[in-house]
Amino acid sequence: MFLNLFFSKIVDFSKKNWWIYLILAICLVIVYITWNWSLIEIIIMFLANFLWNLFIMIMQDYYSSWNNKYWAINQILWVAIFTSISIYWYIFKSQSQYLLWQIMYILAALNTVSFFVLKKDLKILNEYTFIPINIILLLIFINYIPHENFHILQAIWFSFITTWLVSVKDIVRYWLNIIWIWVLTLWSLLWVVISYNLWNLDWIALWYFLLTWTVFIFYIKLLPSYLLKNNI
């Protein structure tokens, strides 16, 4: 069941967003000619972001069908990929703000698996316990980890998102996910514009923008059904 949905989602994604592969091919040619980025790095990061966003969309499909077990599995998978990307950004780009908050994403995913798969309610993991933990992480980040001012905004945003992702309520998850994806899309676009104006286009940020934009469109298409849920 899971593999069938996974491959069907890849096919569906590719049909609706075929232009992403065209842009990828063009960008790879440009990179190959100019040699200002690593082709292997770009391809690996594209595939990682592709799978991460794909798992998010599959997870939302399971939301809609109330298949909580497979939803929990997909949450673990996309958190694992997101964590891997964050480790990469930390090691090769010295960006620590992504990695630090993976602690909270992992805890939220473990809470989901425990609640829906193992049928055990980890009551200690909830919105109220996440708030002080996020405050502690934020203080650690500001005082002990090298950063730039705009990274603090990212850290605060991560704190809000991870606090509410621990919720097991479907409507809450939807609204927070769509806000999360929207902010990711805008932030990636901003970095693409900044790097372009500096004559050093960040290709990885470009993949981030394109792929998260497609996921945002996916969530927007679900908006009418969730507005209806709110009115029930």
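Residues numbered from 1 in each chain as written. Predicted model: local features only at pLDDT ≥ 70, side-chain atom pairs only at ≥ 80, totals over all residues. Heavy atoms only, no water.

Engineer: I'd like a description of a nonpolar patch on the surface, backed by residues and values.
Structural biologist: On the surface, Trp 18, Leu 22, Ile 26 and Ile 30 cluster together to form a nonpolar patch covering roughly 410 Å² of accessible area. Structurally, Leu 22 can be placed in helix α2 (residues 18-34). (Patch = residues over 30% accessible without salt bridge, like charges linked within 9 Å, V, L, I, M, F, W, Y side chains within 5 Å. Areas by Shrake-Rupley, 256 points an atom, 1.4 Å probe, with all protein chains shown as cover. Salt bridge = Lys/Arg side-chain N within 4 Å of Asp/Glu carboxyl O. Helix = DSSP H or I, 4+ residues; strand = E, 2+ residues; numbered from the N terminus.)

Engineer: Describe the nonpolar core, listing the residues and the values that go with them.
Structural biologist: Judged by nonpolar contacts, the single largest core of 70 residues is most densely connected at Trp 52, Trp 78, Trp 101 and Trp 180. Residues within four places of Trp 78 in sequence aside, it is in contact with Trp 52, Phe 55, Ile 56, Met 59, Tyr 105 and Trp 180. (Core = buried A, V, L, I, M, F, W, Y, C linked by side-chain atoms within 4.5 Å. Buried < 20%, exposed > 50% of the residue type's maximum accessible area, 1.4 Å probe, protein only. Contact = heavy atoms within 4.5 Å.)

Engineer: I'd like a description of the layout of surface pockets, backed by residues and values.
Structural biologist: For the largest pocket, the calculated volume is near 500 Å³. Every residue lining the largest pocket is counted, 24 residues in all, and those nearest its centre are Trp 89, Tyr 98, Trp 191, Asp 202 and Ala 205. Within the residue set of the lining of the largest pocket, elements represented by two or more residues are α4 (68-93), α5 (96-100), α8 (149-165), α9 (170-197) and α10 (203-221). Element by element, the count of residues in the lining of the largest pocket is highest for α9, at six residues. (1 Å grid on protein atoms, 1.4 Å probe; cavity = no way out; pocket = protein on both sides within 12 Å on 5 of 7 lines; lining within 4 Å. Points joined across faces, edges and corners; volume = space filled by probe spheres on them.)

Engineer: Give me the lowdown on the side chain of Gln 102, citing residues and values where you can.
Structural biologist: Summarising the element assignment, Gln 102 is placed in helix α6 (residues 102-116). Classification of Gln 102 by relative accessible area gives buried; the value is 2%. A polar atom in the side chain of Gln 102 sits 3.1 Å from the side chain of Thr 83. (Polar contact = N/O pair within 3.5 Å; in protein donor to acceptor, adjacent residues only side chain to side chain.)

Engineer: Describe the environment of Leu 227, listing the residues and the values that go with them.
Structural biologist: In this fold, Leu 227 is placed in helix α11 (residues 223-231). Between the alpha carbons of Leu 227 and Ile 171 there is a distance of 9.4 Å; along the sequence they are 56 residues apart.

Engineer: Describe the packing of aromatic side chains, and please don't skip the residues or the numbers.
Structural biologist: Counting across every chain of the model gives 14 aromatic pairs. When the centroid spacing of 6.3 Å and the interplanar angle of 20° are considered together, the rings of Phe 46 and Phe 50 count as stacked. With a gap of four residues between them, Phe 46 and Phe 50 both fall in helix α3 (residues 39-64), about one helical turn apart. Across this residue pair, the class does not change: Phe 46 and Phe 50 are buried. Measuring from centroid to centroid gives 6.3 Å for Tyr 88 and Trp 89, while their planes differ by 80°, and the two rings are edge-to-face. In terms of burial, Tyr 88 and Trp 89 fall into one category: buried. An aromatic cluster of at least three residues, connected via ring pairs, comprises Trp 182, Phe 209, Trp 213 and Phe 216. (Phe/Tyr/Trp six-rings, centres within 6.5 Å; stacked < 30°, edge-to-face > 60°.)

Engineer: Let's hear about α4: which residues, and what values?
Structural biologist: For α4, which comprises 26 residues, the first-to-last C-alpha distance of 36 Å matches the rise-based estimate of 38 Å (1.5 Å per residue) to within 8%. Ser 94 sits one or two positions beyond α4 and adopts a positive phi of about 60°. (Expected span 1.5 Å × (residues − 1).)

Engineer: Explain unusual backbone geometry to me, using residue names and the numbers behind them.
Structural biologist: Comment: phi is negative for the bulk of residues other than glycine, and the bulk of peptide bonds are trans. Unusually for a residue other than glycine, Lys 119 sits at a positive phi of about 60°. Assignment of secondary structure puts Lys 119 in the loop between α6 and α7 (127-144).

Engineer: Provide a residue-level description of α10, including the pertinent values.
Structural biologist: Helical geometry note: an α-helix holds 3.6 residues per turn, so side chains three or four residues apart project in the same direction. Taking 1.5 Å per residue, 19 residues should reach 27 Å; α10 reaches 28 Å between its end C-alpha atoms and fits that length. Of all 19 residues in α10, 15 are buried, a share of seventy percent or more.

Engineer: Explain the side chain of Ser 86 to me, and be specific about the residues and the numbers.
Structural biologist: Within the fold, Ser 86 resides in helix α4. Note on Ser 86: relative accessible area 1%, which makes it buried. Setting aside anything within four residues of it in sequence, one finds Ser 86 in contact with Gln 95, Tyr 98, Leu 99 and Gln 102.

The quantities given are spatial measurements derived from coordinates; they are silent on function.
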